[in-house]
Amino acid sequence: MKKLVAGNWKMHGVAADLEQVRAIAEASRRFPSVDVALCVPATLIERAARAVPGFAIGAQDVHFAEKGAHTGCVCTAMLTDAGASLTIVGHSERRDSQRESDADVKAKSEAALGAGLGVILCVGESLAQREAGEAVRTASGQLDASLPHGEPAAAGVPDRLAVAYEPIWAIGTGKVASCEDIAEIHRALRERLVAAYGEAGDRVRILYGGSVKASNAPEIFAVADVDGALVGGASLSAEDFVPIIAAAAAVEAAPPIA
Ligand code: PEP
């Protein structure tokens, strides 16, 4: 499966940073075996999409409603109009600070797929849940409850849906899950995808996210069922992000280690 390496710029990025978008898009052409995307702040989507035609620019969230009285929110039509081709949904920072439920995340993924956008759907356990031995159950339960179903899902699976396993305790902390832990969760998520979509579930990409950087990317990408990465801090500059893309390209042909 072709790996997907997606950057999540979170609340970083103004016009001056389009230089990094250009540099990343330009460098990613050297790695045609890897799909690369950058999910930038909503205010930068249109300018980024214009700056790098043909390169995948995404959003970090979307509302599930078509339009209406939702102050401060952005709907799928606005994203496609601005030039986005995908969106993240269910990032733990939104599940936490915006109190997004699995039902919200499901509605968002269905709306985005229905509108023709790609979706990166995030799940992952807290440190307390991992320490309580609840990591697999938590991530699998979130996936079951937030996976898109119905007509929009059938149209978008597997090509436009990716799942990102992001242990909350590993995001922005410098801590990374072990290869064994990543393999265990990704295997469980794969089973849930196949249970939901049949054979097509085998072709949904499962990304790992949580302090991925150039130094740990090669071993993470070599783990079975790791089909790419969602990268926060290390996606903000070409200098940090391009070596991660290169690492994904390098393991493409190599067999998985776990
Ligand atoms: C993220 O924001 O999805 C993420 C994984 O962040 P970081 O790579 O900085 O841990």
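Anyway, here's the lowdown on the structure attached to this text.

About the criteria used
In this convention, every chain numbers its residues from 1, walking through the sequence in written order. The model is predicted, so local features are restricted to residues of pLDDT at least 70 and side-chain atom pairs to those at 80 or more, both for listing and for counting; the totals for chains, interfaces and linings are taken over all residues. Note that water and hydrogens are dropped before the side-chain values are worked out from all heavy atoms of the structure. Strands are runs of DSSP state E lasting at least 2 residues, helices are runs of H or I lasting at least 4, and numbering of each runs from the N terminus. The globule rule is 2.2 Å times the number of residues to the power 0.38, and the radius of gyration it is compared with is taken over C-alpha atoms. Using a 1.4 Å probe on the protein chains alone, a residue whose accessible area is under 20% of its type maximum counts as buried, one over 50% counts as exposed, and one in between counts as partly exposed. Here, residues are in contact when the closest pair of their heavy atoms is within 4.5 Å. Per-residue and other accessible areas were derived by the Shrake-Rupley procedure at a 1.4 Å probe size, with only the shown protein chains allowed to occlude residues. Following DSSP output, two strands are said to pair if at least two bridges run between them. Only the contacting stretch of a helix is used when fitting its axis, a line to C-alpha atoms as for every element, and angles between N-to-C directions run 0 to 180 degrees. A single heavy atom is enough: if one lies within 4 Å of a molecule or strand, its residue is considered near that molecule or strand. A 3.5 Å cut-off defines polar contacts: any pair of N or O atoms within that distance qualifies, except that in protein one atom must be a possible hydrogen donor and the other a possible acceptor, and neighbouring residues in sequence count only when both atoms are side-chain atoms. Just so you know the grouping, Ala, Val, Leu, Ile, Met, Phe, Trp, Tyr, Cys and Pro go in nonpolar, Asp, Glu, Lys and Arg go in charged, and all remaining residues, Gly too, go in polar. Helix span, expected: 1.5 Å multiplied by one less than the number of residues in the helix. Convention used here: angles under 35 degrees read as roughly parallel, angles over 145 as roughly antiparallel, angles from 65 to 115 as roughly perpendicular, and any remaining angle as oblique. Should the near helix be turned counterclockwise from the far one by less than a right angle, the crossing is left-handed, whereas a clockwise turn marks it as right-handed.

This next bit is on the overall build of the protein chain. On a plain count of helices and strands, the protein chain comes out with 11 helices and eight strands. By the compact-globule yardstick of 18 Å for 258 residues, the protein chain fits well, its C-alpha radius of gyration being 17 Å. With the C-alpha coordinates of the protein chain rotated into their principal frame, the extents come out at 40 × 40 × 35 Å. When each of the 258 residues of the protein chain is scored for burial, the buried share is 52%. For the protein chain, contacts bridging at least 24 residues in sequence account for 75% of all contacts bridging at least 6. Carbon and sulfur atoms form 52% of the exposed surface of the protein chain, whose accessible area is close to 11200 Å².

Another point: unusual backbone geometry. For Lys10, which is not glycine, the phi dihedral falls at a positive 50°. Tracing the backbone through its elements, the reader meets Lys10 in the loop between β1 (3-8) and α1 (18-28). Even without being a glycine, Arg99 presents a positive backbone phi close to 50°. Residue Arg99 is classed as exposed on the basis of its relative accessible area of 67%.

On to the sheet that holds strand β8 (residues 228-231), then. Strand order in this closed barrel of eight strands is β1-β2-β3-β4-β5-β6-β7-β8, and the pairing throughout is parallel. When the angles between neighbouring strand axes are averaged without regard to direction, this sheet yields 25°. With five bridges joining them, strand β5 (residues 118-123) and strand β6 (residues 161-165) adopt parallel strand pairing. In the strand pairing of β6, Val119 is matched with Leu161. Together, β5 and β6 form the strand contacts of helix α7 (residues 135-146), whose direction differs from that of β5 by roughly 145°. Packing against the sheet, helix α11 (residues 238-251) makes contact with β1, β2 (34-39) and β8, and its axis sits at approximately 165° to β1.

Lys10, Glu166, Gly172, Ser211 and Gly232 are the nearest of the 14 residues found near the ligand. The backbone of Ser211 places a nitrogen or oxygen atom 2.8 Å from an oxygen atom of the ligand. Within the contact set of the ligand, an oxygen atom lies 2.8 Å away from a backbone nitrogen or oxygen of Gly232. Taking 300 Å² as the accessible area of the ligand by itself, protein coverage stands at 95%. Looking at side-chain class alone, the shell around the ligand contains four nonpolar, eight polar and two charged residues.

Turning our attention to α7. In this model, α7 (12 residues) spans 17 Å end to end at C-alpha, consistent with the 16 Å of a helix rising 1.5 Å per residue. Within α7, the full set of buried residues consists of Ala135, Thr138, Ala139, Ser140, Gln142, Leu143 and Ser146. Buried residues in α7 make contact with α4 (92-97), α5 (102-114), β5, α6 (127-131), β6 and α9 (179-197).

Moving on, we come to the packing of α1 against α11. At their nearest, the axes of α1 and α11 sit 10 Å apart, and the two run at 25° to each other. Considering their axes alone, α1 and α11 lie roughly parallel with respect to each other. Between α1 and α11 lies a crossing whose hand is right-handed. Between α1 and α11, the contacting residues are Gln20, Ala23, Ile24, Ala27 and Ser28 on the first element and Ala238, Phe241, Val242 and Ile245 on the second. Each residue belonging to the contact of α1 with α11 can be placed in one class, and the counts come to seven nonpolar, two polar and no charged.

Geometry only, nothing functional implied.
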